[in-house]
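# Structure assessment
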Amino acid sequence: MISKPETLDKPMPLICVVGGAGYIGSHMVMLLRSLQYRVVVIDDLSNGFQSSLADAYLEKGSILDSVFLERFFSEHAVDAIIHFASSIQVGESVKNPQKYYKNNLVGTLNLLEHALAHGVEKIIFSSTAAVFGNPQYVPIDEAHPHEPLSPYGKSKLFVEQILADYELAYGLRSVCLRYFNAAGASACGKLGERHDPETHLIPLLLQQASGRLEKFSVFGDDYSTPDGTCIRDYIHVEDLCTAHLLALKYLDTGNASDLFNLGTGKGHSVTEVIKTVEEVTGNKLNICVSPKRPGDPAILVADGQRAKSILGWQPKYVDLKDIIRHAWSWEQKYPWQ
Ligand code: UFG
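Quantities reported herein were computed from a predicted structural model and do not represent experimental measurements. Counting of residues starts from 1 at the beginning of each chain's written sequence and follows it residue by residue. Under the rules for a predicted model, residues below a pLDDT of 70 receive no local features and side-chain atom pairs below 80 are neither given nor counted, while totals for whole chains, interfaces and linings still include all residues. Hydrogens are left out, water is left out, and the side-chain values use all remaining heavy atoms of the structure.

With that out of the way, let us pick up the packing of helix H5 (residues 97-117) against helix H6 (residues 151-170). Axis geometry follows a simple rule: fit a line to the C-alpha atoms, using only the stretch in contact for helices, then measure angles between N-to-C directions, giving values from 0 to 180 degrees. By the criteria applied, helices consist of DSSP H or I runs no shorter than four residues and strands consist of E runs no shorter than two, each listed in order from the N terminus. For the pair H5 and H6, interaxial distance at closest approach is 9 Å and the crossing angle is 20°. Between H5 and H6, the angle falls in the class roughly parallel. Our pair here, H5 against H6, has a crossing hand that is right-handed. On the side of H5, the interface is formed by Pro97, Tyr100, Tyr101, Asn104, Leu105, Thr108, Leu109, Leu112 and Leu116, while H6 contributes Pro151, Tyr152, Lys154, Ser155, Lys156, Phe158, Val159, Ile162, Leu163, Tyr166 and Tyr170. For classification purposes, angles smaller than 35 degrees are called roughly parallel, those larger than 145 roughly antiparallel, those between 65 and 115 roughly perpendicular, and all remaining angles oblique. Helix crossings fall into two classes, left-handed where the near helix is turned counterclockwise from the far one by less than a right angle and right-handed where it is turned clockwise. The criterion used for residue contact is that any of the two residues' heavy atoms lie within 4.5 Å.

Below, the structure written as structure tokens:
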């Protein structure tokens, strides 16, 4: 009798998605499950939604809760963690740094402590372009200096540095992915961006297009950019998730920790985004100009070359119209269940 190859009997890895009920996390859970990974989600549902998880397995709890984490890791033999859970509003972090250092820093330290105690060896961490502060040059590569302007950006940079120390001391290997502007919704229409309060450009413009928002305010039109409005690098949420998957494979093949900037390398001004939203939705938007938002750099565009050459990442949605089309389909499904 011919015996089956060993790999056929090997179960798929168990991936713990922390913050898996949130915007990017829920898209990640959907991708992992479509590829037959075993997934367990940790989320306290403070910002996430159970309905975004379909039938994925959720352990409801906070990463600030040591008793919860200890029980969680003793019950689940986790192979790798993808950590999305954090507070994400730059402006709020300036007004309430305590919340950001507690949720993003203390919470992550706590998560790492329990994960390490239970033998977890791999983690993918959601970082941000906010670790760079005002760019000294664009596009921004991984060698660009770090001068975060906000407690949000600092909390993410501290974790990046902690992860580097933990690899040396404990052998915990990590990939930190610095997102530029996450945007869009799943192409299948099942998931999308859902923040409360919503502060991001594209969902707010779409709320205006659908009549949910009376007027949209452009934060400043006298930046030193061609049309005076800020330029950002909008990256489709599904492309971000693909990068996480590749990062997981990168760690699975034994590579050492690394950091990557994730963006398309193409910048769009606020005015260009407004025009594209008008084109996609067929609605003329009600726009006004208000003062600059403190801490907004004029231009943030990624040099995503390293992720392409090392991880083999290739963003699929490089046309802003596709990103907005998917987000518009999602907006039209409001109210979401
Ligand atoms: N904007 C407006 N009006 C609004 C909202 C946004 O004009 O009502 C402008 C902003 O000034 C900015 C652009 O639209 O120029 C994009 O703003 P978002 O709030 O959508 O995104 P940010 O660039 O501020 O933030 C993103 C991520 C953060 C990350 C940051 C890094 O959402 O998590 O990039 O700088 F920290």
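Here the narrative resumes.
This part takes up the nonpolar core. Definition used in this section: a nonpolar core is a set of buried Ala, Val, Leu, Ile, Met, Phe, Trp, Tyr and Cys residues joined via side-chain atoms within 4.5 Å. The classification of residues rests on relative accessible area computed with a 1.4 Å probe and restricted to protein chains. Under 20% of the type maximum is buried, over 50% is exposed, and intermediate values are partly exposed. Counting 36 residues, the largest nonpolar core has Ile15, Ile24, Leu32, Ile124, Val175, Leu177 and Leu262 as its most contacted members. Breaking this core down by element, the ones donating at least two residues are strand S1 (14-18), helix H2 (23-34), strand S2 (38-43), strand S4 (80-83), strand S6 (173-179), helix H8 (237-252), strand S11 (258-262) and helix H10 (305-311). Looking at this core, the element that brings in the most residues is H8, giving nine residues. In this view, Leu262 contacts Leu177, Arg178, Tyr179, Phe180, Ile235, Leu240, Ala243, Ala302, Ala307 and Trp313; residues no more than four positions away in its chain are not counted. The next biggest cluster of nonpolar side chains, apart from the first, holds 25 residues, and it includes Ile63, Ile81, Leu112 and Phe125.

Before going further, it helps to spend a moment on H5. Here the expected span of a helix is defined as 1.5 Å times the quantity of residues minus one. Taking 1.5 Å per residue, 21 residues should reach 30 Å; H5 reaches 29 Å between its end C-alpha atoms and fits that length. Within the span of H5, buried status applies to Tyr100, Asn104, Leu105, Gly107, Thr108, Asn110, Leu111, Leu112, His114 and Ala115. Buried residues along H5 sit in contact with S1, helix H3 (66-75), S4, helix H4 (90-95), strand S5 (122-128) and H6. Positive backbone phi, approximately 80°, marks Gly119, located one or two places after H5.

Another point: the packing of helix H9 (residues 270-281) against helix H11 (residues 320-331). Relative orientation of the contacting elements H9 and H11 amounts to 60°, with a least axis distance of 10 Å. When the axis of H9 is compared with that of H11, the two are oblique. Once H9 is placed against H11, the crossing between them reads as right-handed. On H11, the residues that touch Val273, Thr276, Val277, Glu279, Val280 and Thr281 of H9 are Leu320, Lys321, Ile324, Arg325 and Trp328. Side-chain classes follow a simple rule in which Ala, Val, Leu, Ile, Met, Phe, Trp, Tyr, Cys and Pro form the nonpolar group, Asp, Glu, Lys and Arg form the charged group, and the remainder, Gly included, forms the polar group. Grouping the constituent residues of the contact of H9 with H11 by class yields six nonpolar, two polar and three charged.

Where strands meet in a sheet, backbone hydrogen bonds hold them as pairs that are either parallel or antiparallel. Strand order across the open sheet formed by seven strands is S3-S2-S1-S4-S5-S6-S11, with parallel pairing between neighbours. On the outer flanks of this sheet lie strand S3 (57-60) and S11, each paired with one strand and no other. Along the sheet, successive strands turn relative to each other by an average axial angle of 20°, direction set aside. At least two bridges found by DSSP between two strands are what make those strands a pair. Relative to S6, S5 runs parallel, the two sharing seven bridges. The residue bridging Thr128 from the neighbouring strand is Tyr179, located in S6. Seen against the sheet, H8 touches S1, S4, S5, S6 and S11 and runs at an angle of roughly 160° to S6.

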